[in-house]
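A closer look at the structure
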Amino acid sequence: MKELLADVTPLRRSPGFRRLFVGQCLTMVGSQVTQVAVPWQVYSVSHSSVALGMVGLAALLPIVVFGIYGGAIADSMDRRRLILITSSGSAAVSVALVVQAVAHADSLWLLYTCVTVQAAFFAIDLPTRRALLPRLVEPEDLPAANALLLLVFTVGIVGGPLAAGATVSLGGYGAAYAVDVACFVLAITFIAGLPAVLPEGGGRRADLSSVLEGIRYLKSRPVLWMCYVLDLNSTVFAMPTALFPVLAVERFHGGPELAGYLSAALASGAFLGSMFGGWMPKVRRLGRAALLAVLAWGVSLGALGLAGSLWLAMLLLAVAGYADTVSAVERSSILQHETPDELRGRTSGVLTVVGAGGPRLGDVRAGLVAAACGPAVAAVAGGVACVVGALALAKAVPEFTRYRMAEEAAGAGEAAAGTVPADPAARTAPADPAAGTAPATPPSAAAQPGGTKRSEPDGSGQATAARSSATP
């Protein structure tokens with residue numbers, strides 16, 4: 001049983017990751033309270049479902065616009081400093097939310113503006129954190145570290161509404177936003193203790209050519225772009241959330257509370273995947289594991305359309321949530337392991353856009369099909385399309401399913417585990433003491449000849465270079 005629990009090895013080995021993890025916990029608590037409180041305040045001011053829907057639009061647009069460019073910024077400067085800037089900016093927005101709540105401004109446009117600005121900071125912050133992670137942990141610890149961060153997210157998704165409800169009930173909207181401010185301040189103190197971490201090569205200017213360079217790199221690496229396409233295949237074809245209200249009423253003869261049960265079942269499956277994913281770091285064929293997880297997601301959500309009881313539907317959604325967690329962990333680990341450090345911000349920025357846009361497109365597809373043919377057909381057709389699409393992609397890019405984490409890289413990390421300095425500042429000691437920045441080459445790359453990280457994408461036992469020290 002112990003082996004199934006979340007692997008906390010990265011927390012034991014890396015003080016730097018501990019700081020990032022605690023900071024992420026605090027940020028998630030505060031941001032989830034705000035993300036729940038703002039729609040409530042908007043509805044209490046407007047009593048309009050249209051105004052409520054505009055909150056989602058105000059949050060989505062800056063993520064799409066700033067997601068990719070935010071990744072380019074992450075590849076241009078010290079990533080610790082950038083996280084401090086984005087966190088401080090988000091905290092300032094939360095202060096503005098406190099002030100408007102206490103002053104009873106009751107301005108929808110002010111609330112929309114705060115949501116938009118905070119979402120823009122988030123779109124820059126998220127790819128920066130993803131790009132920073134591989135510099136704080138060893139390569140073999142990436143799946144475990146990603147699972148731990150995903151655990152924080154799922155706990156926040158489940159606990160955020162409860163915390164927001166209690167805070168708003170006891171102290172009003174101002175108190176809820178004040179919780180966000182306090183969490184950001186504490187998170188900033190933890191992040192500030194990290195060493196400065198510049199991208200390899202010192203970074204390059206964030207402009208259109210930088211963004212295009214990242215896109216060209218992804219297009220030239222089928223294993224990497226498959227990570228994004230698989231995610232889109234899963235969410236566009238099979239995302240079920242838009243069907244929950246219809247299923248609750250038409251299939252299970254309930255109301256909003258049953259729709260809430262369905263949402264909770266999906267989230268609980270994701271939580272269980274993070275909490276009992278201790279086996280994931282031991283998987284070496286990450287591509288195959290990601291593909292199988294996507295197939296399980298599609299099959300479960302297709303079967304949802306045929307489920308005749310609420311409990312069966314909730315069980316299928318929990319399986320889908322678990323599978324989605326496995327897919328997310330394995331795909332993130334492939335991206336972080338195989339992308340050169342100087343490009344990780346940009347590839348993470350693309351992932352941010354895909355993660356934000358895919359589910360929304362999936363909601364549109366599900367809604368249109370459900371309106372035309374009913375929710376059962378929408379669920380079954382979506383699941384079938386997801387499975388067929390995943391199998392077609394696997395056939396088109398066979399190197400993805402044959403991809404494996406390099407055994408020699410994992411072995412080197414395990415052998416060196418006892419000698420890695422406990423202080424991340426020592427492990428990423430500045431090459432120039434006066435500059436105070438981390439070296440261009442992380443410890444995992446230094447062990448490889450010529451600074452090259454190696455992998456085995458073909459499963460034949462013959463390692464092929466995933467990248468060279470030169471910028472592609």
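About the criteria used
Residues numbered from 1 in each chain as written. Predicted model: local features only at pLDDT ≥ 70, side-chain atom pairs only at ≥ 80, totals over all residues. Heavy atoms only, no water. Phe/Tyr/Trp six-rings, centres within 6.5 Å; stacked < 30°, edge-to-face > 60°. Helix = DSSP H or I, 4+ residues; strand = E, 2+ residues; numbered from the N terminus. Buried < 20%, exposed > 50% of the residue type's maximum accessible area, 1.4 Å probe, protein only. Axes fitted to C-alpha atoms, helices over the stretch in contact; angles between N-to-C directions. Parallel < 35°, antiparallel > 145°, perpendicular 65-115°, else oblique. Left-handed = near helix turned anticlockwise from the far one by under 90°. Nonpolar A, V, L, I, M, F, W, Y, C, P; charged D, E, K, R; others polar. Contact = heavy atoms within 4.5 Å.

Turning to the packing of aromatic side chains, a few remarks are in order. Taken as a whole and judged by the stated rule, the model has 2 aromatic pairs. With a centroid separation of 6.1 Å and 40° between ring planes, the pair formed by F17 and F21 is classed as tilted. Pair noted here: F17 and F21 are both in helix α2 (residues 15–46), with a separation of 4 residues, about one helical turn. Neither F17 nor F21 differs from the other in exposure class; each is buried. Ring geometry for W109 versus Y112: centroids 5.7 Å apart, planes at 80°, classification edge-to-face. Separated by 3 residues within a single helix, W109 and Y112 lie in helix α5 (residues 108–136), roughly one turn from each other. The exposed category is assigned to W109, whose relative accessible area is 66%.

The interhelical angle for the contact between helix α4 (residues 79–102) and α5, taken along N-to-C directions, is 155°, at an axis separation of 9 Å. With respect to α5, the axis of α4 lies roughly antiparallel. Regarding α4 and α5, the two cross each other, and that crossing is left-handed. Residues belonging to the contact of α4 with α5 are distributed by class as follows: 13 nonpolar, 8 polar and 4 charged.

Now for the side chain of T401. With respect to the helices and strands, the residue T401 is situated in helix α15 (residues 398–401). With relative accessibility at 19%, the residue T401 sits in the buried group. The contact partners of T401, leaving out residues within four places of it in the chain, are R285, G287, R288, L291 and A394.

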